[in-house]
Amino acid sequence: MKKLVVLTGAGMSAESGISTFRDSGGLWEKYRVEQVATPEAWEENPKLVLEFYNQRRKQLLKAKPNAGHLALAELEKTYDVQIITQNVDNLHERAGSTNVLYLHGELMKVRSTGFGQEVYELTSDNYRTSLGDNCPKGFQLRPHIVWFGENVPNYSKAVEIAQQADVMLVIGTSLQVYPAAGLVNYSPEGIPVYLIDPNEIPNLPSYIIVISKGASDGMKEMLDILGK
Ligand code: OAD
């Protein structure tokens, strides 16, 4: 089977009702990144940070995978699909995709701020975390999210995957946040690289084939191109 490597961003989940970050009306218009998504924010106002992620989870629990997510899961019948996502939602997995690498962490998980950094899964009935919610060893739990200024532990794995691609597909990312945005450059020379996004992304390398559509319609077109 050919290896299809898919890099997804917030636009992938937009049609599921989850806000993107940089579009007008996006999350970073309502909150300042430094206020809620940095280690400094966590030091200064952990309560606000926890509440921000509680709100994100509440929104996620109301959302469902869209036709784009479902099409990617469907493609596993004919391709070895490996998804690398910047999204912290679980919509790829809920759509049935089995190989998902999370670059920026996972919303439905928290981890200990102790040395062990143990990770715990939240449930839909118990998705909130507050100050004083500790791991069994007594350390405060924090969101299992990669904040700005933190390392991206899965990046080297992602580079390895990108280097093995026979086809690459990028969906719904403004390609502004590094190192994630740099992954496209690791695709082997000469392979087809497609990008689905309804808006124009400036400064794209000329070899990228752009499909100017939303994730669901764009994936419909991709299924034709890839011959399912
Ligand atoms: P952005 O909000 O920067 O970009 C979203 C992209 O999705 C834009 O290019 C939109 O044009 C596109 N888009 C909008 N609607 C779409 C639709 N229906 N179908 C397809 N595409 C659509 O989000 P990301 O590039 O994912 O990190 O942002 C990268 C990282 O920055 C995030 O992972 C997050 C953020 O700050 C952290 O929080 C660490």
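Residues numbered from 1 in each chain as written. Predicted model: local features only at pLDDT ≥ 70, side-chain atom pairs only at ≥ 80, totals over all residues. Heavy atoms only, no water.

Quick word on the side chain of T173
The cut-off we apply is this: Only runs of H or I of at least four residues qualify as helices and only runs of E of at least two qualify as strands under DSSP, and these elements are numbered from the N terminus. A 1.4 Å probe rolled over the protein chains alone gives each residue an accessible area, and that area as a share of the maximum for its type sets the label: buried under 20%, exposed over 50%, partly exposed in between. Whenever two N or O atoms come within 3.5 Å, that pair is a polar contact, provided that in protein one can donate a hydrogen and the other can accept it, and provided that, for residues adjacent in sequence, both atoms are side-chain atoms. Residue contacts follow a heavy-atom distance rule, with two residues in contact if any of their heavy atoms lie within 4.5 Å.
Mapping T173 onto the fold places it in the loop between β7 (167-171) and β8 (193-196). Look at T173 and you get buried, because its relative accessible area is 6%. A distance of 2.9 Å separates the side chain of T173 from the side chain of Q86, its partner in a polar contact. The contacts of T173, once residues within four sequence positions are left out, are G9, Q86, D197 and I201.

A look at the sheet that holds strand β9 (residues 208-211)
Condition: A pair of strands is considered paired only if DSSP assigns at least 2 bridges between the two. Convention adopted: a line fitted to C-alpha atoms gives each axis, helices being fitted over their contacting stretch, and angles between N-to-C directions are expressed from 0 to 180 degrees.
Taken in spatial order, the 6 strands make up an open sheet running β3-β2-β1-β7-β8-β9, and their pairing is parallel. Each end of this open sheet is capped by a strand with a single partner; those strands are β3 (100-102) and β9. For this sheet, the mean angle separating the axes of adjacent strands, direction not counted, is 20°. Both strand β1 (residues 3-8) and strand β2 (residues 80-85) contribute to a ladder of 6 bridges, which runs parallel. Of the residues in β2, the one forming a bridge with L7 is I84.

Some details on the sheet that holds strand β4 (residues 105-112)
Taken in spatial order, the 3 strands of this open sheet run β5-β4-β6, and their pairing is antiparallel. One side of each edge strand has no neighbouring strand; the edge strands of this open sheet are β5 (119-121) and β6 (141-145). The mean inter-strand angle of the sheet, taken between neighbouring strand axes irrespective of direction, is 45°. The pairing of β4 with β5 spans 3 bridges and is classified as antiparallel. Residue pairing in the sheet places V110 in a bridge with Y120 of β5.

A word on the nonpolar core
Buried together is how nonpolar side chains tend to be arranged in soluble globular proteins. This is how the line gets drawn: Residues grouped as a nonpolar core are buried Ala, Val, Leu, Ile, Met, Phe, Trp, Tyr and Cys residues, joined through side-chain atoms within 4.5 Å.
Membership of the largest hydrophobic core comes to 25 residues, with the highest contact counts inside it found for L7, I84, L103, L175, L183 and V184. Ranked by residue count, the leading element in this core is helix α8 (residues 155-163), at 5 residues. In this structure L183 touches L7, I84, L103, Y155, A158, V159, A162 and M168, once residues within four positions along its chain are discounted. One finds V49, L91, L107 and M108 within the second-largest nonpolar core, a separate group that totals 24 residues.

Some remarks on the site of the ligand
Note the cut-off: We define proximity as follows: a residue is near a molecule or strand when any one of its heavy atoms falls within 4 Å of that partner. Exposure was quantified through the Shrake-Rupley algorithm and a 1.4 Å probe, taking into account, for residues, occlusion by the shown protein chains and nothing else. The residue classification treats Ala, Val, Leu, Ile, Met, Phe, Trp, Tyr, Cys and Pro as nonpolar and Asp, Glu, Lys and Arg as charged. All others, Gly included, are polar.
The environment of the ligand is formed by 24 residues, the closest being R22, T173, S174, D197 and N199. Separating an oxygen atom of the ligand from a side-chain N or O atom of D197 is a distance of 2.6 Å. In isolation the ligand exposes 790 Å². Once the protein is present, 93% of that is buried. When grouped by side-chain class, the residues that make up the shell around the ligand number 10 nonpolar, 10 polar and 4 charged.

None of the figures reported here should be taken as evidence of function without further support.
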